[in-house]
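Working through the structure, step by step
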Amino acid sequence: MERRIKEAIRYLGYGRNAADDRTLALIEDAFAELERTAAPKSVCRIFDMAQTEDGRIIIGNMEIRSTSLERNLKGCKKAVLFGATLGAGVDMLIRRASLTDMAKAVILQSCAAAFLEEYCDEEQLKIGRELEVQKLYLRPRFSPGYGDFDIRYQEPLMRILDCAKTIGLTMTDGCVMTPTKSVTALIGASPVKERCPIQGCEACGKRDCEYRR
Amino acid sequence: MLRDRLGKELLYFDGGMGTQLQERGLAPGELPETWNVEHPEVIRETHRRYIEAGSDIVLTNTFGANALKFHDERCPLEEIIRTAVGHVKAAVRESGADRRIYTALDVGPTGKLLKPMGDLDFETAYEAFREVMVIGEQAGADLIHIETMSDTYELKAAVLAAKENTSLPVFATAIFDERRKLLTGADVPSVVALLEGLRVDALGINCGMGPEQMFPVLEEMLRYSSLPVIVKPNAGLPQQREGRTYYDVAPEKFAYLMKQITEMGASVIGGCCGTAPEHIRAMRDACKGLRPLPVTEKEYTVVSSYGKSVFLGNRPEQNSGSRIIGERINPTGKKRFKQALKEHDLDYILREAITQQDNGAHILDVNVGLPDIDEPALMEEAVQEIQSVVNLPLQIDTVDTEAMERALRIYNGKAMVNSVSGKQESMDRVFPLIRKYGGVVIGLTLDEEGIPADADGRVRIAEKIIGEAKKYGIGKKDIVIDALAMTISSEPEGATVTLETLRRLRDEVKVNTVLGVSNISFGLPSRPVINSAFYTMAMMNGLSAGIINPSSEDMMKAWYAYHALMNLDSNCERYIGRYSSAPAGTAEASSSGPGTAGAQGMGLGAAIEKGLKEDAHTITVQLTEEKAPLDIINEDLIPALNRVGDGFEKGTVFLPQLLMSAEAAKSAFAVLKEKMDKSGEIQEKIGTVVIATVKGDIHDIGKNIVKVLLENYSFDVIDLGKDVPPEKIVDTVLEKQAPLAGLSALMTTTVVSMEETIRQLREKAPGCRVMVGGAVLNQEYADMIGADFYGKDAMQSVHYARKVFGIGE
């Protein structure tokens, strides 16, 4: 089974259970509809980074304090600021479904999340290939809101990337990204090659999460 | 005067300011506008270098200077703007230029997304732009240049702010991508239609791409624009090196391409990101002696939404055929629709909109007029809400001038307006609105004397309407004439007169036409028989757009057949797509599976458990023959829902199945409700629950799941939507005397508003219980913010709600 279908099933709360055929068919329809509707876009900028002894992370002129991010970026020389979105059309698609068929709405919601992750993985691999020329290897991406990496870092991150202009990604006063199917993240680049850089929720400390892989 | 020179001689903008400042040390993420105050000499010098390089129009360093984007305690916004204008003026003096240099107030986007996709109100955006523009004009700017807009709605707010609060010329340019679309999806004709409708002085493209990549966008823009076109490309596509962004098109190459752009038809040219004074100088040298091509009036009739343009009549590459205007959003003669309006049930209206789009409508008529309702407020709300789920252009249908104006103002795009008539009073009222907001208006062929009985009279009124519109600068392309269909049951010549009128309007007056088709059969039996035949005849006689019911299969058959027969459907593709496999009338795949089982003896309970929507409907219809609705609810429906709910909690049924069952139960309830309404029986609701996604948060899927389930369990659910301020929740709870409120929030940053909402509820509505849910919440967090109950999932909210209302579990 395709990875993104597996992921969508997980987001739908199936845990280790198999999805029934009808749900599976709806998932496939949802991906087909997303292929038509989504207008994925991404932007990135690469900065030198440093970690100070007192636990600050300095990337460009941004200064971050976060133990979880510090762990994620340990040993990195550069950091990639990354933003991606599926565009406002997907939000509208989900909203339409919410009015006519909630089952379809939750399936679209989960599939859009899986679609977005897949897109981010692909973009990250592209960035990774470019950096490999400089003998730098990417870590898993780390988003504001993970662990103790404060969600409010989204603001400077989006400002530096000029996300509104470059990919049409903005946020509300409450730090909620609009369009909703969007990601911002930091990706460390270190001279040491480690295992697969595309790693998801296994790295998270929240072990009792019901969506854990 | 700038307006006199525009389009007649080539005018040159300057190049990028931001990238120039980056070279001088502006850090990533730093606000460039602060440099007006902190490094005035750098700003002036940059302007001066552009003037010396040959720029006629110089942009102030105010791209991000608006109250929504610019936050810096050290520099008040007003000072930033005033000094910015002053820097250009000073640079002009210092340069000693002997030609007229214009100071353009640069206005960029707010960096926020407008509602309904984001949280920014249209009027808040308008206010932010107004503030900047008023200061800019006072400070001495010669024109307003709105640029780098990626959302037509924000573009409209900015242009309106400029037009309503200043007397300066307005230039507006947008940022397109390689798909020739804005980030929010708008195509080139819809941007042109919007800006022309708002009567800017020049429009165009900037940023996003290099000159070469702009060719296709420019070509399309020149095809549709009747205004001078501005082109300001980047110096190529952005590249990265050592953490820095740079652009790689050198001045000579840039100049060479800009010369081609001018030869294609651009009238005002300059550069955006990555272009330096050297680029402008080389461009000016390359274009020396060139004059812009004349700007010609284009005759296309275009209406648009934020993401889509719809042409009426002919366009260059194809004949559009006849357009379908969906007529269903209108209370006339519809009991259920009237009830929805009275109950403020917007979801009902939205579903009508979605159904019509799914069935093939190109434009949707919106009429919400009823005695005793606040039509202007409801019209404004309906237009906004419909635009959040349907990307079709709308036709604003009202006789209330205030409703028309408010809808036109808030509408995202260039609307169709229904209608104006040949009565002087009507034209005096409606044309000023079209002049101000843009729009394509339907002209009814009736006047003070009534409806002429013959085609001569109707054609004369059409000509009168077109003549009067011209006085307002509204061209024939923005008028669509309604030839009026009179029922043949009382007017034997009704159809023939209408058809002759259509034909003459097409051939003699050369104007687009529209008809409310089904009036023709009023008072006759089997109306679809007459309607569909008349529809075909009307299209044959030139009908540009028919106002019909897209859910009527007879009408749609007529439409598909006409287009296939008249070679307006290439290779009969649309016809085949619709009729080859599916039996006529089958809409797109529904999630409810095959609808055949009903006849095979499946019970209602089983249909609900399996989540079969159509079967649940059919079986319920059969069941009502032998069983009372209340018995069906208590003996079949609720037990089935309970079984599914139990399964969900045990982990044997999952969310999609739970919701499929909920939807199936909903369709069964709909049958029962209709039955009970007819017999006057009332199904008691358990009580009122107010639900909302809290302020600052726009994730509402969880809240919507809870809504569907609560409704199935007979609660009266008042859904306030998303991003709801605490005050509104409190007011609604008080007004409805709701014993229970349900709040949803997804993130730590928005749980703050949840806490505030609970605080206000405790203060003003102490009797109301509060249940909360959402991704970041848990029991501990819920306790901390003072909620009465934390619902881990939607079923738990149902259990709690039942408990609050004293129903045994």
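Here we look at the overall build of chain A
For chain A, the count of helices and strands is seven helices and eight strands. Whereas a compact globule of 213 residues would reach a radius of gyration of roughly 17 Å, chain A reaches 18 Å, a difference of no more than 12%. In terms of overall dimensions, chain A has a C-alpha envelope of 55 × 35 × 35 Å along the principal axes. Within chain A, the fraction of its 213 residues that count as buried is 56%. In chain A, of all internal contacts separated by at least 6 residues, the share reaching a separation of at least 24 is 70%. Accessible area of chain A: about 9,500 Å², with a carbon and sulfur share of 50%. Of the charged side chains in chain A, 33 are positive and 31 negative; the average position of the first set lies 3 Å away from that of the second.

As for the domain arrangement of chain B
Here chain B is described as being made up of domain 1 (2-286), domain 2 (483-578), domain 3 (597-679) and domain 4 (688-804). The gap between the C-alpha centroids of domain 1 of chain B and domain 2 of chain B is 47 Å.

Some points on the sheet that holds strand β22 (residues 716-719) of chain B
Residues and elements named next belong to chain B. An order of β22-β21-β23-β24-β25 is seen for the five strands of this open sheet, with the pairing classed as parallel. Edge positions in the sheet fall to β22 and β25 (789-790), since each has one partner strand and no second. Strand direction decides the pairing type here: strand β21 (residues 688-693) and β22, joined by four bridges, are parallel. Counterpart to Val689 in the pairing with β22 is Val717. Taken strand by strand, helix α27 (residues 726-736) contacts β21, β22 and β23 (740-744), and its axis lies near 170° from that of β21.

Here we look at the environment of Glu614 of chain B
Topologically, Glu614 of chain B is positioned in helix α23 (residues 613-623). Remark: the alpha-carbon pair of Glu614 of chain B and Leu203 of chain B, spanning 411 residues in sequence, is separated by 51 Å.

Here we look at the interface of chain A and chain B
Of the residues lining the interface, 53 residues belong to chain A; the matching set on chain B comes to 67 residues. Among the residues chain A hides against chain B, the three largest losses belong to Arg22, Arg96 and Leu99 of chain A. Together they make up 15% of the total. The interface formed by chain A and chain B includes four salt bridges. In this structure, Asp173 of chain A and Lys112 of chain B form a salt bridge, with 2.7 Å as the shortest nitrogen-oxygen distance. Applying the counting criterion to the chain A and chain B interface returns 20 residue pairs in polar contact (both at pLDDT 80 or more).

Thoughts on the pattern of salt bridges
Applying the stated rule across the entire model yields 73 salt bridges over all chains. Here Arg284 of chain B makes a salt bridge to Asp56 of chain B, at a shortest N to O gap of 3.2 Å. Taken together, the positions of Arg284 of chain B in helix α11 (residues 277-286) and Asp56 of chain B in the loop between α4 (40-53) and β2 (57-59) put the pair 228 residues apart, joining distant regions of the chain. Via salt bridges that share partners, Glu2, Arg4, Glu35 and Glu118 of chain A belong to a single interconnected network.

Details of the packing of aromatic side chains
All names here are of chain B. Per the stated rule, a full pass over the model turns up 16 aromatic pairs over all chains. Ring centres of Trp559 and Tyr560 lie 5.1 Å apart, and the angle between their planes is 90°; on these two criteria the pair is classed as edge-to-face. Comparing Trp559 with Tyr560 shows no difference in burial state: the two are buried. Relative to Tyr579, the ring of Tyr560 has its centre 5.6 Å away and its plane inclined at 90°; by these criteria the two rings are edge-to-face.

Some remarks on the side chain of Asn359 of chain B
Residue and element names in this part refer to chain B. Examined against the element boundaries, Asn359 turns out to sit in the loop between α13 (346-358) and β14 (363-366). Given the relative accessible area of 16%, Asn359 is considered buried. Ignoring anything within four residues of it in the chain, the contact list for Asn359 reads Pro550, Ser551, Met556 and Arg578.

Looking at empty space enclosed by the protein
Residue and element names in this part refer to chain B. Summed over all chains, the structure comprises three cavities of 30 Å³ or more. When its volume is computed, the largest cavity comes out at roughly 90 Å³. Forming the walls of the largest cavity are Pro189, Val192, Ala193, Glu196, Tyr224, Lys298, Tyr300, Val302, Lys414, Lys477 and Asp478. Looking at the lining of the largest cavity, the element that brings in the most residues is helix α8 (residues 188-197), giving four residues. Its residues assigned to classes, the lining of the largest cavity shows six nonpolar, no polar and five charged. Computed from the structure, the second largest cavity encloses a volume of approximately 50 Å³. Of all the secondary structure elements, the ones that give two or more residues to the lining of the second largest cavity are α24 (629-650), α25 (655-679) and α26 (701-712). A class-by-class count of the residues in the lining of the second largest cavity yields seven nonpolar, three polar and no charged. Inspection of the lining of the second largest cavity shows a minimum of three residues originating in each of domain 3 (597-679) and domain 4 (688-804).

Cut-offs applied
Residues numbered from 1 in each chain as written. Chains lettered and ligands numbered in written order. Predicted model: local features only at pLDDT ≥ 70, side-chain atom pairs only at ≥ 80, totals over all residues. Heavy atoms only, no water. Helix = DSSP H or I, 4+ residues; strand = E, 2+ residues; numbered from the N terminus. Rg over C-alpha atoms; globule rule 2.2 N^0.38 Å. Buried < 20%, exposed > 50% of the residue type's maximum accessible area, 1.4 Å probe, protein only. Contact = heavy atoms within 4.5 Å. Areas by Shrake-Rupley, 256 points an atom, 1.4 Å probe, with all protein chains shown as cover. Lys, Arg positive; Asp, Glu negative; His and termini not counted. Charge placed at Lys NZ, Arg CZ, Asp CG, Glu CD. Domains from an automatic or database assignment. Pairing = 2+ DSSP bridges. Axes fitted to C-alpha atoms, helices over the stretch in contact; angles between N-to-C directions. Buried area = accessible area lost by both parts, 1.4 Å probe. Salt bridge = Lys/Arg side-chain N within 4 Å of Asp/Glu carboxyl O. Polar contact = N/O pair within 3.5 Å; in protein donor to acceptor, adjacent residues only side chain to side chain. Phe/Tyr/Trp six-rings, centres within 6.5 Å; stacked < 30°, edge-to-face > 60°. 1 Å grid on protein atoms, 1.4 Å probe; cavity = no way out; pocket = protein on both sides within 12 Å on 5 of 7 lines; lining within 4 Å. Points joined across faces, edges and corners; volume = space filled by probe spheres on them. Nonpolar A, V, L, I, M, F, W, Y, C, P; charged D, E, K, R; others polar.

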